[in-house]
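Structural overview for review
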Amino acid sequence: MSMTCRAVLLIAVAALATASSCAREPGDALSRPCNLDVREDGRLFVSDFHNVRVVVFDAQDQVVSTVGGRGFGPGELWGVGDLAALPGGGFAVINQSRASLDDLNTPRPEIKLFDANGQEVAAFSTLLGVDVTSLPAGIAVVPDGLAITDIAHHRISLFSTKGLPKRVIDRVKGGPPVDAPTGLRFRGGKLWMAEGKKHRVRALSLEGEQLLSVGREGSEDGQMLFPHA
C-alpha cells in the first residue's frame, strides 16, 4: 500500500470513529461535528454535537474558542444543531430539544445568539407567536433577520434577530411546495435549501420564487441521496 493510500485510509477511519463515538471528547477535540459555517475572514464555526458546544477555528485552523456545554442556563446548550455566522463576528445556533415535543418537561426548541466573544446576547423560542416553528433544522442569516427551516410544517420561517415572527415561505412560485427542508444558507441573494426526502437542493428568492433546482434520487452524476446540509 502506498503512503498516500495509507494516509487516506487512516483519515477515513479516524473520521468514522469520530462520527460514531458517543463519548465526550476532552479539550478541543470534536465528537460528531454535524454542522458548520464560515465567515469571509476564514473563521470557521462548527457545532460539536456530542460535546454540546460550538468550536470556533481561525483561518489557520487553530481553535479560537469553545462556546456552550450541556445545560439550560445562559451560554449553555442542551442539543446543539445548525448554526450561522453573524455579521458582527458572533453566531446564531439552534438549541434543540432532546426529547419529544409532547413532553411538557422538556425545554422547547430555541435560537441562541452569541457575540464575537462567545457571550450569549439573546435567545428566543421558535414556538412563540403566530409563526410556530416546532422542528427547526437549518438556519441562515438574511437581510434584517434570520431564516429557519421547519421540518414539521414544511416551510422556511423568517424571524427578526429579536425573535419576532415575520412571515413564512411554504408555497414556492415556479416550483413544488417546500418538503421537509433541512439545511439552509443565504448566499448571493438566494436561499439555498436542502430537501433530503426529495433528494434535491433548491435556490429560492426571499419572496419564495424558485430560481434553481438541482438533484433527484440516485447515485449517478447530478443525483443525490438525502442531502442534509
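Residues numbered from 1 in each chain as written. Predicted model: local features only at pLDDT ≥ 70, side-chain atom pairs only at ≥ 80, totals over all residues. Heavy atoms only, no water.

For side chains bearing opposite charge, pairing can occur when the charged atoms are close. A full pass over the atoms with the stated rule returns 10 salt bridges. Measuring nitrogen to oxygen at the nearest pair gives 2.8 Å for the salt bridge that ties Asp37 to Arg187. Highlighted residues: Asp37 in strand 1 (residues 33-38) and Arg187 in strand 13 (residues 184-187), separated in sequence by 150 residues. Relative accessible area serves as the criterion here: at 6%, Asp37 is assigned to the buried category. Note on Arg187: relative accessible area 40%, which makes it partly exposed. Residue Glu195 pairs with Arg200 through a salt bridge whose shortest N-O separation is 2.8 Å. An identical accessibility class is assigned to Glu195 and Arg200; each is buried. Linked by salt bridges that have partners in common, Asp37, Asp82, Arg185 and Arg187 make up one network. (Salt bridge = Lys/Arg side-chain N within 4 Å of Asp/Glu carboxyl O. Helix = DSSP H or I, 4+ residues; strand = E, 2+ residues; numbered from the N terminus. Buried < 20%, exposed > 50% of the residue type's maximum accessible area, 1.4 Å probe, protein only.)

Here we take up the packing of aromatic side chains. Applying the stated criterion across every chain, the model contains four aromatic pairs. Between Phe72 and Trp78, the aromatic rings sit 6.0 Å apart at their centres with planes inclined by 45°, giving tilted as the arrangement. Taking relative accessible area as the criterion, Phe72 reaches 63% and is therefore assigned exposed. When the ring of Phe91 is compared with that of Phe114, the centres are 5.0 Å apart and the planes differ by 15°; the resulting orientation is stacked. Of this pair, Phe91 sits in strand 6 (residues 91-95) while Phe114 is found in strand 7 (residues 110-114), placing the two residues 23 residues apart along the sequence. (Phe/Tyr/Trp six-rings, centres within 6.5 Å; stacked < 30°, edge-to-face > 60°.)

Here the focus is the nonpolar core. Counting 14 residues, the largest nonpolar core has Val142, Ala147, Ile156, Leu158, Leu184, Leu191 and Leu204 as the members making the most contacts within it. Contributions of two or more residues to this core are made by strand 9 (136-142), strand 11 (155-159), strand 13 and strand 14 (190-195). In this structure Leu204 touches Ile156, Ile169, Val172, Lys190, Leu191, Met193, Glu209, Gln210 and Leu211, once residues within four positions along its chain are discounted. Val67, Leu77, Phe91 and Phe114 belong to the second largest nonpolar core, which has 12 residues in total. (Core = buried A, V, L, I, M, F, W, Y, C linked by side-chain atoms within 4.5 Å. Contact = heavy atoms within 4.5 Å.)

Limitation: the analysis is restricted to geometry and does not speak to function.
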